[in-house]
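Here is how the chains run, residue by residue.
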There are 2 protein chains.
Amino acid sequence: MPAEMPVRLRIFSLNCWGIRYLSKHCAQRYTMIGDLLSKEQHDVALLQEVWSEKDFHVLKKKLGGTHPYSHYFKSGFFGSGLAVFSKHRIHDAFLYKYTLNGYPYMAHHGDWFGGKAVGKVLLNISGLAIHVFVTHLHAEYCREPDSYLPHRVVQAWELQNFIRHTSAGADVVILGGDLNMHPTDLGIRLLQSYTGLKDCYNETASFDGFEQGFTHITDNPFTHKQELIPFGGGIRIDYVFFKGSKSVDVSCESLSTTKGPVPGQPFPYSDHEALSTELELHPSEDGKGYSNQEKDCTTDKLSELVNIVTEARTEVKVGLHCAERMRYTAARTGIMGLALLLLELAIAAVPCFALGTEQPFPKASFYLLGALCFAILFCTTLLYIFYGMEVKALQGAEDQMRLALGSLQERLKAFPKGKYEGRSQTELDSRDPSTLEPDD
Amino acid sequence: MPAEMPVRLRIFSLNCWGIRYLSKHCAQRYTMIGDLLSKEQHDVALLQEVWSEKDFHVLKKKLGGTHPYSHYFKSGFFGSGLAVFSKHRIHDAFLYKYTLNGYPYMAHHGDWFGGKAVGKVLLNISGLAIHVFVTHLHAEYCREPDSYLPHRVVQAWELQNFIRHTSAGADVVILGGDLNMHPTDLGIRLLQSYTGLKDCYNETASFDGFEQGFTHITDNPFTHKQELIPFGGGIRIDYVFFKGSKSVDVSCESLSTTKGPVPGQPFPYSDHEALSTELELHPSEDGKGYSNQEKDCTTDKLSELVNIVTEARTEVKVGLHCAERMRYTAARTGIMGLALLLLELAIAAVPCFALGTEQPFPKASFYLLGALCFAILFCTTLLYIFYGMEVKALQGAEDQMRLALGSLQERLKAFPKGKYEGRSQTELDSRDPSTLEPDD
């Protein structure tokens, strides 16, 4: 048990937009970010889009004095872009790479190559087990229609699953990152309802930042202004979430965001705004604090969760329909390529008998067409495999959702309205099944 | 807390070798497996290599009466092959797909297409949270040299990571499956040392099966006898592991394996032998049982763990060296393809000036060579991306191992010999950091 309470934790989160040679003023901005972190000395800094490990090492060298512990999560082709700098020893790290992450042929979007993931580090601060998660979800390139929505919903599903399953032993859970979702989007609701995580922006005692907590704003010279105008000049897509436990109560004392241009600097830190928050950790008397925090978890909340999971399942089904159609198209095109190849071979065979040597055999066209057929066959085979894997992943997520719905509905049926009063979601979930009626 | 103790749990595990149209007598063997499960009525049956969902659904239909709850883990192109049948409601399911899993171009090995993974289901039996894991690791096609060893070691590393991180809230942890590793292999030592999981074969009060617990034997008509002769007629690569908790003590009452041919049947259930085990769950007085189970965790054990992780790290480094070499070869071949293409274009340009129209332009050869160059460029690009991802995954695992070693060595340094006496590995790991000295 902790020696000293309350404990104050200062958390920083920023999408660094660190694509070497492509992002504007990348090196200078990393210098500015390093300066900021050195000066502010947050307990933990959660960075996203640190696409180059070289930049991570530059930061690591610079922050050696203030943040001696760090971890870069490697994933995909470039690396996940996720980095953690900590004043406290990192005891353990674990990475979960999302199953779905866009398409490799959409190379200009690049998400697939990044290997988006959720990283977890374990800290021990004043004897408390602090589980810190950092993530970056698939970007939203177009809101309506958003062809990546099913992928992002599955990522949100996997994110909440990962957090729920891996944080049973935590005193405090913290999640920071660029979730690429607006506060009322399905994925955010899914994440919060299922895990009980609280949004710093909604919970903070004091806020200093852009209106509505926007983290992607028109005032930032690196953003595409046209995209943000429909949303009132900005959107909130970067978050810090937190959750206490039976033994620890957590409150958000303050939250601040940068506001575009940095005073005294020629440009901002990134195309996203940075979040800084201060959390206060209090002891709580044997679960009292915990139930205080989450005592509003009633059957209504459980019904809401059922609705949200149902909505997510519908979205996944839409994605499944698309993926199945794409797989079918790949198969059909492949078969056409094969038919063309066979036809060509037939044509090549026929002149030997019909035309003899009267006409020269069109060798060049023959080889070109043959090569084209092989290319079609090869590419459609690759696409068929890729879409097949996408279908399996979407089906897998849908199966898990169906299973979860069955379990949630069973609980709703078993407990009459009001019976959940005073019990937290975490108490109700399967890691403490003593609150459940036996099924067998 | 559980109403009735002791609780008896009967667990079944079998690699079904269920490749439709390729595995011998596949349909008949599924019928036999279904009959066996119907008759034996284990609490939980963990199946591997159920490659076709159709076969899963056939089993599901057949076992509807005895095992009303089931889950099939979908992953990769074919599905992970992992299936769970349970007499008790499955409250939640979660899948972790291993980062490394062989190579897609080794299609005849097929592991990559299977998307090997570890699946977890949550059961609530008599009020106890039972976390059941099922997995299937990459096959060992040749023991010396085993080109897949680094992949399997990373899988074992991820498996122990997944179990450690997700089972903090468990009363009982059970892991079953085909681990494709001999009992003294690095991956098994890593798994057991880090998680504290106990091997049923070593712990059972009564054993009935083939000598040394072999699960892949020469007596089985489906196995390649030549491969097994060097190992004394069989190997043990299928396991059931278990672990209790602070509140529950687990003992293995019996373990049995099938012994090749099934009496009264024309062939065995599979090319692997099936495992059946009976676990008994006792209450334990506030951690007493737990420390009884694991009180032998001393500094010696911790040193051993450091050695094992170091050994694993070395193996990963060997794999990393190979992957980097392959990536380099892909890049070099790609550059050669590009050079050939440029050379060809140069040759195509030259005759216009030098030879004029004296000689006909060799169109066919030109196009053929061009197509070949494009094919080389395309394939090497794909390979370069694939090997790049393999490198990242191996580096990521190595980073995690280095981090873990740092933390383990810090503990070893901080505690003089004997200070760990009576503390379990789980108590020492980061989910209960109250046993650690603060670092800051």
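Residues numbered from 1 in each chain as written. Chains lettered and ligands numbered in written order. Predicted model: local features only at pLDDT ≥ 70, side-chain atom pairs only at ≥ 80, totals over all residues. Heavy atoms only, no water.

Undergrad: What exactly am I supposed to notice about the UniProt feature "domain: Endonuclease/exonuclease/phosphatase" (unreviewed entry) in chain A here?
TA: Annotation from UniProt places "domain: Endonuclease/exonuclease/phosphatase" (unreviewed entry) at residues 13-272 of chain A. Secondary structure content for residues 13-272 of chain A is 25% helix and 28% strand, while the C-alpha to C-alpha distance between its ends is 10 Å. (UniProt positions renumbered as here; feature names shortened; annotations may be inferred. Helix = DSSP H or I, 4+ residues; strand = E, 2+ residues; numbered from the N terminus.)

Undergrad: Is there a simple way to think about the relation of the copies chain B and chain A in this case?
TA: Turning one copy of the chain about an axis and sliding it along that axis gives the other copy, so a rotation and a shift relate them. Of the transformation superimposing chain B on chain A, the axial component is 0.0 Å and the angular component is 180°, with the fit at an RMSD of 0.1 Å. Taken together, the turn and the small shift mark the pair as related by a two-fold rotation axis. (Least-squares fit on C-alpha atoms with pLDDT ≥ 70 in both.)

Undergrad: I'm lost on the sheet that holds strand E9 (residues 198-199) of chain B in this one. Help?
TA: Across a sheet, strands are paired by hydrogen bonds formed along the backbone, either parallel or antiparallel in direction. Across the sheet, six strands lie side by side as E5-E6-E7-E8-E13-E9 (chain B); this open sheet has mixed pairing. A single partner strand is all that each edge strand has here, and the edge strands are strand E5 (90-97) and E9 of chain B. (Pairing = 2+ DSSP bridges.)

Undergrad: Please clarify how the pairing of strand E2 (residues 44-48) of chain A should be interpreted in this entry.
TA: Regular strands show a simple pattern: their side chains alternate between the two faces of the sheet. Residues and elements named next belong to chain A. Summarising burial for E2: five of the five residues are buried, a large majority. Residues Val44, Leu46 and Gln48 point to one face of E2 and Ala45 and Leu47 to the other, with burial holding for every one of them. Across five bridges, the pairing between strand E1 (residues 7-15) and E2 is parallel. Within E2, the position partnered with Asn15 by the bridge is Gln48. For the crossover that starts at E1, traverses helix H1 (residues 26-40) and ends in the parallel E2, the hand is right-handed. Sheet topology places E2 next to strand E4 (residues 83-86); four bridges connect them, and they run antiparallel. Bridged to Val44 within E4 is Ser86. (Buried < 20%, exposed > 50% of the residue type's maximum accessible area, 1.4 Å probe, protein only. Right-handed = clockwise from strand over helix to strand, strands pointing away.)

Undergrad: Is there a simple way to think about unusual backbone geometry in this case?
TA: Trans peptide bonds make up the majority, and among non-glycine residues the majority have a negative phi. Its identity as a non-glycine residue notwithstanding, Gln212 of chain A has a phi of 60°, on the positive side. You can see Gln212 of chain A is positioned in the loop between strand E10 (207-208) and strand E11 (216-217). Even without being a glycine, Tyr21 of chain B presents a positive backbone phi close to 70°. Residue position: Tyr21 of chain B is located in the loop between strand E1 (7-15) and helix H1 (26-40). Residue classification places Tyr21 of chain B among the exposed positions, given a relative accessible area of 76%.

Undergrad: What's the story with the packing of H1 of chain A against helix H2 (residues 53-62) of chain A in this structure? I'm lost.
TA: Between two packed helices, the angle of one axis relative to the other and the distance separating the axes together describe the packing. All names here are of chain A. In the contact formed by H1 and H2, the axes pass within 10 Å of each other and the chain directions differ by 35°. The two elements H1 and H2 cross, and the hand of that crossing is right-handed. Of the residues in H2, those touching H1 at Tyr30, Thr31, Gly34, Asp35 and Ser38 are Asp55, Leu59 and Lys62. Residue classes in the contact of H1 with H2 are distributed as two nonpolar, three polar and three charged. (Axes fitted to C-alpha atoms, helices over the stretch in contact; angles between N-to-C directions. Left-handed = near helix turned anticlockwise from the far one by under 90°. Contact = heavy atoms within 4.5 Å. Nonpolar A, V, L, I, M, F, W, Y, C, P; charged D, E, K, R; others polar.)

Undergrad: Please explain the pattern of salt bridges as it appears in this structure.
TA: Oppositely charged side chains can pair when the atoms bearing their charge come close. One pass over the full model with this rule turns up 35 salt bridges over all chains. Taking the shortest distance from any N to any O, the salt bridge between Asp111 of chain A and Lys116 of chain A comes out at 2.5 Å. Here the two residues Asp111 of chain A and Lys116 of chain A agree in accessibility, since each one is buried. Among the salt bridges present, the one from Arg8 of chain B reaches Glu280 of chain B, with a minimum N-O distance of 2.6 Å. One end of the pair, Arg8 of chain B, is in strand E1; the other, Glu280 of chain B, is in strand E15 (residues 275-283), with 272 residues separating them in the sequence. A relative accessible area of 11% means that Glu280 of chain B is categorised as buried. Each of Glu53 and Lys74 of chain A together with Lys392, Asp399 and Arg402 of chain B takes part in a single network of salt bridges with overlapping partners. (Salt bridge = Lys/Arg side-chain N within 4 Å of Asp/Glu carboxyl O.)

Undergrad: Is there a simple way to think about the sheet that holds strand E3 (residues 69-73) of chain B in this case?
TA: Residue and element names in this part refer to chain B. One open sheet holds the seven strands; their spatial order is E3-E4-E2-E1-E15-E14-E10, and the pairing between them is mixed. Among the strands making up the open sheet, the edge pair consists of E3 and strand E10 (207-208). In this structure, strand E2 (residues 44-48) lies alongside strand E4 (residues 82-86), joined through four bridges in antiparallel fashion. Its bridge partner being in E4, Ala45 is matched across the sheet by Phe85. Sheet strands touched by helix H2 (residues 53-62): E2, E3 and E4. Its angle to E3, the strand with the most contacts, is close to 175°.

Undergrad: Help me understand the pairing of strand E7 (residues 128-136) of chain A, please; the structure alone is not making it clear to me.
TA: Residues and elements named next belong to chain A. Counting buried positions over the nine residues of E7 gives nine, a clear majority of the element. Along E7, one buried face is formed by Leu128, Ile130, Val132, Val134 and His136 and the opposite face, lined by Ala129, His131, Phe133 and Thr135, is buried too. One ladder, built from eight bridges, connects strand E6 (residues 117-125) with E7; its direction is antiparallel. Within E7, the residue paired with Val118 across the bridge is Thr135. The hairpin turn running from E6 into E7, its antiparallel successor, is two residues long, and Ser126 in that turn takes a positive phi close to 50°.

Undergrad: How should the nonpolar core be read in this particular structure?
TA: The tendency in soluble globular proteins is for nonpolar side chains to be buried as a group. With 88 residues, the main nonpolar core has Leu159 and Val309 of chain A together with Leu159 and Val309 of chain B as its most contacted residues. Sequence-distant contacts of Val309 of chain A, defined by excluding residues within four places in its chain, comprise Trp157, Leu190, Tyr194, Met401, Leu405 and Leu408 of chain A. (Core = buried A, V, L, I, M, F, W, Y, C linked by side-chain atoms within 4.5 Å.)

Undergrad: Can you help me understand the interface of chain B and chain A in this one?
TA: For an interface, size is often stated in terms of accessible area lost upon the parts coming together. Contacts between chain B and chain A engage 67 residues on the former and 67 residues on the latter. For the pairing of chain B and chain A, the buried interface totals around 6,100 Å² over both sides, and the portion due to carbon and sulfur atoms is 62%. Remark: the boundary between chain B and chain A carries eight salt bridges. Salt-bridge contacts for Arg89 of chain A lead to Glu410 of chain B; the nearest nitrogen and oxygen are separated by 2.8 Å. For the side of chain B that touches chain A, the secondary structure elements donating two or more residues are E3, E5, helix H3 (111-114), strand E6 (117-125), strand E7 (128-136), helix H4 (149-166) and helix H10 (363-414) of chain B. At 22 residues, the largest contribution of residues to the side of chain B that touches chain A is made by H10 of chain B. A breakdown of the residues in the side of chain B that touches chain A according to their chemical character gives 30 nonpolar, 20 polar and 17 charged. (Buried area = accessible area lost by both parts, 1.4 Å probe.)

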